[in-house]
Amino acid sequence: MREQLASIISEATAAAPAIVTRPDFEAFKARLSGPNGSLTSAMKLMASVPKEEKPAAGRLLNEAKAAIEKLLETTLARVEHAEAAARLGPPEDPTLPPPDDQEGLAHPLTKVREEIASVFHKLGFTVAEGPEIESEWFCFDALNTPATHPARDMQDTFFLPAQTRCAGTSKHGSEAYVLRSHTSSVQIRTMLARKPPIRIIAPGRCFRRDTVDATHSANFHQVEGLWVDKGVTLRDLKSVLDFFVREMFGNSAEIRLRPSFFPFTEPSFEMDLRSPDLGRLSNRWLEVMGCGLVNPKVFENVGYDPGEWTGLAFGMGVERIAMLLHGIDDIRHFYANDLRFLRQFA
Ligand code: DAH
């Protein structure tokens, strides 16, 4: 029996390196430990071994079994590894340049957002961020926008289901979550988190229940700006916006501030832009963004002393700026994923 087991092991060890595929392996395993396998037949011989030799024979058999199991294990691991390697193909060389035409490019809205950020960066503004899902307090109440304001209507804003309401930061008990309708909510988050002076812009995605057409999209992007310091005046607002517009649209661009209303600024304005370099829109006043001086009520809502702090704020649509800058006449081009359109901004 000793010789028989030794030859089973040596034959199996010699045969193992030739096993390369899974079916080969299964056949190999069956030849050894299947119902008619050589090891199985050797085990059957135990019955005929005299009683006094049984313990020694049993030990030999167990050792042989362990050796064969180990051999099967390492052979299977090698076969599986080879199979996986064959599936993956030859290893990639990560240092090779990408194949032609496969290079990605930034989306035009990303590029314009980055340009806007870099202009404000020159004036000392840093980028702040906030969540796209906001509670009503951050999106409206803290920004002095009362419950009766049309922006808070179901028709204008995406409200999350009633079961997601939160305990509420407002005095009116529990409040709903909304997909933020503007990035002005980041003003509040930033003022609560930091002490003035503050100079931030907040680029980000916004959501409104707009019917999609050439100038509206339910999902769009804004850049909000906020500057809080002592003695900030309208002159600062006009200078910041003037600088921004000239950097973005060229030195011949002009701005004008037209009185308007926003709950979070007082006074409030629409900023219009005019430039001789805007193609078919040249030399017409075009509405570009809302702006104003921070309403003292907003400062009170975040615990800033309105007697001490003053501020300016503005908010613009990234799509609007990109459309003016590049002469794009339909907002839907930005979201259609048509490479013929997107590649023009490479
Ligand atoms: N949040 C306004 C909107 O979405 C834009 C805006 C207007 C932002 C005036 C401001 C501002 O910061 O002062 O229409």
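Check the entry above for the structure.
Nothing here was measured: the structure is a model prediction, and the numbers come from that model. (Residues numbered from 1 in each chain as written. Predicted model: local features only at pLDDT ≥ 70, side-chain atom pairs only at ≥ 80, totals over all residues. Heavy atoms only, no water.)

Chemist: Run through the overall build of the protein, naming residues and quoting values.
Modeler: In terms of helices and strands, the protein carries eleven helices and nine strands. Relative to the compact-globule value of 20 Å for 346 residues, the protein shows a C-alpha radius of gyration of 36 Å, a clear excess of over 25%. In terms of principal-axis extent, the alpha carbons of the protein reach across some 110 × 55 × 35 Å. Scored against the burial criterion, the 346 residues of the protein give a buried share of 39%. Element-wise, carbon and sulfur atoms account for 54% of the exposed surface of the protein, whose accessible area totals about 19,300 Å². Looking at the protein, you have 40 positive and 46 negative side-chain charges, and the mean spots of the two groups are 3 Å apart. (Helix = DSSP H or I, 4+ residues; strand = E, 2+ residues; numbered from the N terminus. Rg over C-alpha atoms; globule rule 2.2 N^0.38 Å. Buried < 20%, exposed > 50% of the residue type's maximum accessible area, 1.4 Å probe, protein only. Areas by Shrake-Rupley, 256 points an atom, 1.4 Å probe, with all protein chains shown as cover. Lys, Arg positive; Asp, Glu negative; His and termini not counted. Charge placed at Lys NZ, Arg CZ, Asp CG, Glu CD.)

Chemist: Quick one: what's the story with the pairing of strand 7 (residues 265-274), residue by residue and with numbers?
Modeler: For strand 7, the buried fraction is high: seven of the ten residues fall into the buried class. With eight bridges joining them, strand 6 (residues 254-262) and strand 7 adopt antiparallel strand pairing. The residue of strand 7 that forms the bridge with Arg256 is Asp272. Where strand 7 lies against strand 8 (residues 286-294), seven bridges are found, and the strand directions are antiparallel. For Met271, the partnering residue across the bridge sits in strand 8 and is Met289. (Pairing = 2+ DSSP bridges.)

Chemist: So what's going on with the state of the cysteines? Residues and values would help.
Modeler: Following the criterion strictly, the structure yields zero disulfides and no others. Unpaired in this structure, Cys139 has its nearest cysteine sulfur neighbour in Cys206, at a distance of 8.4 Å. For Cys139, a relative accessible area of 0% translates into the label buried. In this structure Cys166 is a free cysteine whose sulfur lies 12 Å from that of Cys139, the closest cysteine sulfur available. (Disulfide = S-S within 2.5 Å.)

Chemist: If you had to explain the site of the ligand to someone new, which residues and values would you point to?
Modeler: In the neighbourhood of the ligand, 15 residues make up the surrounding shell, with His182, Ser184, Arg208, Gln222 and Glu224 lying closest. One of the side-chain N or O atoms of Ser184 is found 2.9 Å from a nitrogen atom in the ligand. Between Gln222 and the ligand, the recorded distance is 2.9 Å, taken from a side-chain N or O atom to an oxygen atom. Protein contacts shield 90% of the accessible area of the ligand, which totals 360 Å² for the unbound molecule. With respect to the detected pockets, the ligand is housed in the largest pocket. Listed by contribution, the elements that provide at least two residues to the shell around the ligand are strand 5 (219-229), strand 8 and strand 9 (310-317). (Near = heavy atom within 4 Å. Polar contact = N/O pair within 3.5 Å; in protein donor to acceptor, adjacent residues only side chain to side chain. 1 Å grid on protein atoms, 1.4 Å probe; cavity = no way out; pocket = protein on both sides within 12 Å on 5 of 7 lines; lining within 4 Å. Sits in = over half its atoms within 2 Å of the grid points.)

Chemist: Which residues make up the packing of helix 1 (residues 2-15) against helix 4 (residues 54-88), and what are the values?
Modeler: In a pair of packed helices, the angle between the axes and the distance between the axes together describe the arrangement. Two numbers describe how helix 1 lies on helix 4: the axes approach to 10 Å, and their chain directions differ by 5 degrees. Considering the angle they form, helix 1 stands roughly parallel to helix 4. Across from Arg2, Leu5, Ile8, Ile9, Ala12 and Thr13 in helix 1, the residues of helix 4 making contact are Leu60, Leu61, Ala64, Ala67, Ile68 and Leu71. For the contact of helix 1 with helix 4, a count of residues per class yields ten nonpolar, one polar and one charged. (Axes fitted to C-alpha atoms, helices over the stretch in contact; angles between N-to-C directions. Parallel < 35°, antiparallel > 145°, perpendicular 65-115°, else oblique. Contact = heavy atoms within 4.5 Å. Nonpolar A, V, L, I, M, F, W, Y, C, P; charged D, E, K, R; others polar.)

Chemist: Before we move on, could you go through the side chain of Thr157 and cite the residues and values that matter?
Modeler: Counting through the fold element by element, Thr157 comes out in the loop between helix 6 (136-139) and strand 3 (177-179). Within the local environment of Thr157, its side chain forms a polar contact with the backbone oxygen of Ala151, the two atoms lying 2.5 Å apart. When residues no more than four places from it in sequence are discounted, the contact partners of Thr157 are Phe140, Ala151, Val178, Leu179, Ser181 and Arg209.

Chemist: Describe helix 7 (residues 185-193), listing the residues and the values that go with them.
Modeler: Buried within helix 7 are the following residues: Ser185, Val186, Gln187, Ile188, Thr190 and Met191. Contact partners of the buried residues in helix 7: strand 2 (133-135), helix 6, strand 4 (198-207), strand 5, helix 9 (296-301) and strand 9.

Chemist: Break down the nonpolar core for me, with residues and values.
Modeler: With 44 residues, the main nonpolar core has Phe244 and Phe314 as its most contacted residues. At the level of elements, helix 5 (108-122), strand 5, helix 8 (234-249), strand 7, strand 8, strand 9, helix 10 (318-326) and helix 11 (339-342) are the ones that each hand at least two residues to this core. Top element by residues in this core is helix 8. It accounts for seven residues. Beyond its immediate stretch of four places on either side in the chain, Phe314 contacts Phe120, Phe125, Ile201, Val223, Glu224, Gly225, Val240, Leu241, Met289, Gly290 and Cys291. One finds Met191, Ile198, Phe264 and Ala313 within the second-largest nonpolar core, a separate group that totals 21 residues. (Core = buried A, V, L, I, M, F, W, Y, C linked by side-chain atoms within 4.5 Å.)

Chemist: Which residues make up unusual backbone geometry, and what values do they have?
Modeler: Note the cis peptide between Pro196 and Pro197, where omega equals 5 degrees. Of note, Pro197 is situated in the loop between helix 7 and strand 4. A cis geometry characterises the amide bond from Glu266 onward to Pro267, with omega recorded as 0 degrees. Inspection of the secondary structure puts Pro267 in strand 7. Despite not being glycine, Asn283 has its phi angle at roughly 60 degrees, a positive value. Along the chain, Asn283 turns up in the loop between strand 7 and strand 8. Phi at Asn337 takes a positive value of approximately 60 degrees, unusual for a residue other than glycine. Summarising the element assignment, Asn337 is placed in the loop between helix 10 and helix 11.

Chemist: Could you give an account of the layout of surface pockets, naming the residues involved and the relevant values?
Modeler: Empty space among the atoms becomes apparent when a probe as large as a water molecule is rolled across them. Size it by volume and the largest pocket reaches roughly 1,300 Å³. Arg208, Phe220, Gln222, Glu287 and Gly317 are, among the 49 residues lining the largest pocket, the residues nearest its centre. The set of elements that each furnish at least two residues to the lining of the largest pocket consists of strand 5, strand 6, strand 7, strand 8, strand 9 and helix 10. Ranked by residues supplied to the lining of the largest pocket, first place goes to strand 8 with six residues. Taken together, the residues of the lining of the largest pocket sort by class into 22 nonpolar, 17 polar and ten charged. What lines the second largest pocket is a set of 20 residues, among which Arg113, Pro203, Gly204, Arg205 and His221 lie closest to the centre. Secondary-structure elements contributing two or more residues to the lining of the second largest pocket are helix 5, strand 4 and strand 5. Class assignment for the residues of the lining of the second largest pocket results in eight nonpolar, seven polar and five charged. (Points joined across faces, edges and corners; volume = space filled by probe spheres on them.)

Function cannot be read off these values alone, since they describe shape.
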